[in-house]
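Listed below, chain by chain, are the residues.
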Amino acid sequence: CAPYKSVLTHGYVVDKDGKKMSKSLGNVVAPQEVIQKHGAEILRLWVSAVDYREDIRISDEILSRLVDAYRRLRNTCRYILGNISDLTPSKMVKPEDMDGLDRFAWHLASQAHAKVLEAYREYEFHKVYHTLHNLCATELSSFYLDILKDRLYTSAPDSLKRRSAQTAMYHILMMLMADMAPILSFMAEEVFRHLPAALRPEAATVFSLRADQMPTLALSPEELAVWESLQIVRATATKAIEPLRK
């Protein structure tokens, strides 16, 4: 019998113009050179970002974009770590007592987490990359964490509003960490080791965590409708403000 359960085949690796790589053309991108310049994480991120069912393109320009995406993911994790340093399990807020915005952010992250788990099961790794990047760049950095700064920096340390935000960020970080671990292994392990001691799960490594057992939150259709309406209003207001800002 076959010594495997399933086989994954992928397209041909070509340069940015879709041409076959050859030494005579001088367009070869060697994996070892990528690792030496950017690190193994960026090479794995590239593998996850492409749709391998077609020919796979690689170039310095493509890798540079992935370096930016990597930094976005890393900075999001670092920002959350820096803002939950004094959180303990006893100070975490129950979901029903949390601020509405925090509940909505946890809901968005939970949806992304479900998409990532399904993408891994279906070997659709490009969906893992795009879902994680979109979550960090759009839904967290440009929306949730941007709004949250005032509350995190000016509220009393033990206030409900601050603890509510910290609770949501902790749950979001745990899902992010578990979702990125198969691809961004070094970063996921680094984040795991920098979790506050009181919040660290009883596990020796990030790879001991069960991604399918992370606490998630799903809003009711009524509660979700309110936040979706607010997002439309916010997008319209932001568009109107931008010319004035410039």
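The preceding data block contains the structure.
Cut-offs and rules
- Residues numbered from 1 in each chain as written.
- Predicted model: local features only at pLDDT ≥ 70, side-chain atom pairs only at ≥ 80, totals over all residues.
- Heavy atoms only, no water.
- Helix = DSSP H or I, 4+ residues; strand = E, 2+ residues; numbered from the N terminus.
- Buried < 20%, exposed > 50% of the residue type's maximum accessible area, 1.4 Å probe, protein only.
- Contact = heavy atoms within 4.5 Å.
- Areas by Shrake-Rupley, 256 points an atom, 1.4 Å probe, with all protein chains shown as cover.
- Lys, Arg positive; Asp, Glu negative; His and termini not counted.
- Charge placed at Lys NZ, Arg CZ, Asp CG, Glu CD.
- Salt bridge = Lys/Arg side-chain N within 4 Å of Asp/Glu carboxyl O.
- Axes fitted to C-alpha atoms, helices over the stretch in contact; angles between N-to-C directions.
- Parallel < 35°, antiparallel > 145°, perpendicular 65-115°, else oblique.
- Nonpolar A, V, L, I, M, F, W, Y, C, P; charged D, E, K, R; others polar.

Caption draft 1: Structural context of the overall build of the protein. Counting its secondary structure elements, the protein contains eight helices and two strands. The secondary structure elements of the protein, listed N-terminal to C-terminal, are β-α-α-β-α-α-α-α-α-α. By its C-alpha atoms, the protein is 65 × 55 × 35 Å across when sized along the principal axes. Across the 246 residues in the protein, those meeting the buried criterion constitute 44%. Counting contacts in the protein only where the partners sit at least 6 residues apart, residues at least 24 apart contribute 73% of the total. Only carbon and sulfur atoms are counted for the fraction: they give 55% of the accessible area of the protein, which is about 14100 Å². Here the protein holds 32 positive side-chain charges and 31 negative ones, and the gap between their average locations is 4 Å.

Caption draft 2: Broad picture of the pattern of salt bridges. In the structure shown here, the tally under the stated rule is 19 salt bridges. Among the ionic pairs, Asp-86 bridges to Arg-162, the shortest N-O distance being 3.0 Å. With a gap of 76 residues between them, Asp-86 in the loop between α3 (60-83) and α4 (100-121) and Arg-162 in helix α6 (residues 160-180) connect regions that are remote in the sequence. Residue Arg-163 is joined to Asp-86 by a salt bridge in which the shortest nitrogen-to-oxygen separation is 3.4 Å. Placement of the pair is Arg-163 in helix α6 and Asp-86 in the loop between α3 and α4, with a sequence separation of 77 residues. Residues joined by salt bridges that share partners form a network here, namely Asp-51, Arg-53, Glu-124 and Lys-127.

Caption draft 3: Region of the structure containing the environment of Ala-112. Here Ala-112 is to be found in helix α4. Taking the C-alpha atoms as reference points, Ala-112 and Gln-32, 80 residues apart in sequence, are found 32 Å from one another. Not counting the four nearest positions on each side in its chain, Ala-112 is found in contact with Thr-131 and Leu-135.

Caption draft 4: Just the packing of α4 against α6, in detail. Where α4 contacts α6, the axes come no closer than 10 Å and their chain directions differ by 5 degrees. Put simply, α4 runs roughly parallel to α6. Facing Asp-102, Ala-105, Trp-106, Ala-109, Ser-110, His-113, Val-116, Leu-117 and Tyr-120 of α4, the residues of α6 in contact are Lys-161, Ser-164, Ala-165, Ala-168, His-171, Ile-172, Met-175 and Asp-179. A breakdown of the residues in the contact of α4 with α6 according to their chemical character gives ten nonpolar, four polar and three charged.

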